[in-house]
Amino acid sequence: MFNLIRRDIIIQKNQLFIFIPFILFFIIMGAQPAFTFLVASIFIPFNAFGYDEKAETNILLNSLPYKRTEIIASRYLGAIVYMLLSIGLTSVALFAFNKTFTMTDVVIGSGLFLLFVALTFPLFHIFKPGYITTVVLISFILLSWIAGPVVSFISNHLTGITEFFASLSTPSLYMGATLIVIIIYALSWGISTVIYERKVF
Amino acid sequence: MENVVELINVSKKFKGFSIKNIDLHVKQGFVTGFIGANGAGKSTTIKMMMNLLRPDAGEVKLFGLDYQTNEKDIKERIGFVYDSNVFFEGLNLKDIKRIVAPAYRRWDDTLFHQYVEKFELPLNKSIKTFSKGMQMKASLAIALSHHAELIIMDEPTAGLDPIFRRELLGLLQELMLDGTRTIFFSTHITTDLDRIADYIAFIQRGELVFSKSIHDVTEDYALVKGRIDLLDRDTEKAFVHVHRAPTGFEALTDNTTEVKEIFGDTVVMERASLEDIMYYFKGGIHHV
């Protein structure tokens, strides 16, 4: 399992040189720290998926002594591992550039990343290779486009919900959000496993 | 004699193509050649052996184990070579080894380097710069370096020049010397098999026509030539398919004794090559 996670680094060895300037770009441009954490985390796992889109990669992995459940598990665990590494690196870079950030930024960044992973990973196994990147890109744009109006609709019309959130204490709000992210992540993991088990190569 | 691979009544349906009730046994310690025209179902069958595809019905067993409970143990003992490159194109052989090697408990680095030297493979050049023959050698080096008991190859000789094809066949023969290994490989270049195969499995339109030792194939099948007037509805039954020409007929039989009984010395019988057999079966008239 660990080998499967390590594989992403071996494959992307060369692209990793882009990783540092990529983070630095966001830091120097003065992007929100939470947003910087998010994009830094996305870099390795989604780049790796670019490779896994190919049928050959799946033929190789499934011909080696791995179970399909392990291949999926390595994706989901790998995303967390690389997220932690990316957050570490980004924090160092932020320190180096004297930019301040709080624990909240880290939590929001990683929370959004895990949500994004949970929503997109199953898509990689549903759509045909070649379409996936487009689908993910479009869904990302659609989501960010819809999110604004939806939130304002909720705050204007469903005052009950907003009042409920406002009444929550900060710790319980965080706890709740964490719990929801974990549940969605686990669900996504389960769905991906079921889809992948049925796949034909 | 133990069977390393057993397909029992296996069926798989696709749009416009299906594998129908295949019963195939691959014997331990022998080379089995898997022949059939393009699109006959060779790759599909191999994919089911590798658990890349799951059959709709029937059982697939390797080393007497099934994939549901023993997937890792089974794959640990298989070396695979596919007709196209399945390794990450941009990587060099060293990195590919780094990815593949830890997957196997019995990976043997010394052995791997022996093969790399023997095949004269560059470790630091990316796989996509390799010629077809070199890619094949690279896959082979990886397939052979974890002491696999069963080597499954899908069209390993396709697209290779004749010299390397011979080298490859020589190497496979060498591998068989220790007596415990089993090789199963598909091909449509039947002359490869005359050299090394012990058993032949022949698939056509998703159905297994036969699976026999090469000795039995040469005993049972023959090309028969004779005058047209010898043929009638009864005598024709002895043949798989008959070609008629004004000068006489030429036909394939799968029962040489019967032909001898019916025709005696009035016809000429010749040894049928695997290519002849495939060609006449393609004619499509089955008699059962």
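All of these numbers come straight from a predicted model, not from anything done at the bench. (Residues numbered from 1 in each chain as written. Chains lettered and ligands numbered in written order. Predicted model: local features only at pLDDT ≥ 70, side-chain atom pairs only at ≥ 80, totals over all residues. Heavy atoms only, no water.)

### Some details on the overall build of chain B
Logical step 1: Helix and strand counts for chain B come out as 10 helices and 14 strands.
Logical step 2: The principal-axis extents of the C-alpha atoms in chain B amount to approximately 70 × 40 × 35 Å.
Logical step 3: In chain B, which comprises 288 residues, the proportion classed as buried is 53%.
Logical step 4: Contacts in chain B between residues far apart in sequence, at least 24 positions, make up 68% of those at least 6 positions apart.
Logical step 5: For chain B, the computed accessible surface area is about 13,200 Å², with 48% contributed by carbon and sulfur atoms.
Logical step 6: Charge centroids of chain B, computed over 36 positive and 42 negative side chains, lie 6 Å from each other. (Helix = DSSP H or I, 4+ residues; strand = E, 2+ residues; numbered from the N terminus. Buried < 20%, exposed > 50% of the residue type's maximum accessible area, 1.4 Å probe, protein only. Contact = heavy atoms within 4.5 Å. Areas by Shrake-Rupley, 256 points an atom, 1.4 Å probe, with all protein chains shown as cover. Lys, Arg positive; Asp, Glu negative; His and termini not counted. Charge placed at Lys NZ, Arg CZ, Asp CG, Glu CD.)

### Brief notes about the pairing of strand E13 (residues 248–253) of chain B
Residue and element names in this part refer to chain B.
Logical step 1: The buried fraction of E13 is high, at five of six residues.
Logical step 2: Alignment of strand E11 (residues 222–226) against E13, held across five bridges, turns out to be antiparallel. Bridging from a neighbouring strand, alanine 222 pairs with threonine 253 of E13.
Logical step 3: In textbook terms, the turn of a hairpin is the stretch between consecutive antiparallel strands, and for strand E12 (residues 239–245) and E13 this stretch comprises two residues. (Pairing = 2+ DSSP bridges.)

### A short note on helix H9 (residues 256–263) of chain B
Residues and elements named next belong to chain B.
Logical step 1: Restricting attention to buried positions, one finds in H9 the residues Thr256, Val259 and Phe263. Buried residues in H9, looked at end-on, bunch into an arc of 60 degrees, giving them a common side. Those residues of H9 that are exposed and aimed more than 90 degrees away from the buried face are Thr257 and Glu261.
Logical step 2: Residues of H9 that are buried make contact with helix H8 (214–220), E11, E12, E13 and strand E14 (268–271).
Logical step 3: Where H9 ends, the next residue or the one after it, glycine 264, has phi of about 60 degrees, a positive value. (Arc of directions from axis to C-beta.)

### Some points on the UniProt feature "transmembrane region" (unreviewed entry) in chain A
Residue and element names in this part refer to chain A.
Logical step 1: The sites that carry the UniProt feature "transmembrane region" (unreviewed entry) are, in the present numbering, residues 16–44, 76–97, 103–124, 131–154 and 174–196.
Logical step 2: With 95% helix and 0% strand, residues 76–97 has its two end C-alpha atoms placed 31 Å apart.
Logical step 3: Along residues 174–196 one finds 100% helix and 0% strand; the C-alpha atoms at either end are 32 Å apart. (UniProt positions renumbered as here; feature names shortened; annotations may be inferred.)

### With respect to the interface of chain B and chain A
Logical step 1: Taken together, the contact pairs 24 residues of chain B with 23 residues of chain A.
Logical step 2: Across the chain B/chain A interface, buried area totals approximately 2,300 Å², and carbon plus sulfur atoms make up 64% of it.
Logical step 3: Its salt-bridge partner being Arg54(B), residue Glu197(A) comes within 3.3 Å of it at the nearest N-O pair.
Logical step 4: Inspection of the region where chain B meets chain A yields eight residue pairs in polar contact (both at pLDDT 80 or more).
Logical step 5: For the side of chain B that touches chain A, the secondary-structure elements that each account for two or more residues are helix H2 (67–76) and helix H3 (93–100) of chain B.
Logical step 6: For the side of chain B that touches chain A, the class distribution of residues is 14 nonpolar, two polar and eight charged. (Buried area = accessible area lost by both parts, 1.4 Å probe. Salt bridge = Lys/Arg side-chain N within 4 Å of Asp/Glu carboxyl O. Polar contact = N/O pair within 3.5 Å; in protein donor to acceptor, adjacent residues only side chain to side chain. Nonpolar A, V, L, I, M, F, W, Y, C, P; charged D, E, K, R; others polar.)

### Topic: helix H4 (residues 109–118) of chain B
Residues and elements named next belong to chain B.
Logical step 1: Of the residues making up H4, those classed as buried are Leu111, Phe112, Tyr115 and Val116. The buried residues of H4 occupy one face: seen down the axis, they fall within an arc of 140 degrees. Pointing more than 90 degrees away from the buried face of H4 are the exposed residues Thr110 and Glu117.
Logical step 2: Tucked inside the fold, the buried residues of H4 contact H3, helix H5 (132–144) and helix H6 (162–175).
Logical step 3: A side-chain oxygen of the first residue of H4 lies 3.2 Å from the backbone nitrogen of threonine 110; this N-cap is aspartate 108.
Logical step 4: Glutamate 120 sits one or two residues past H4 and shows a positive phi near 55 degrees.

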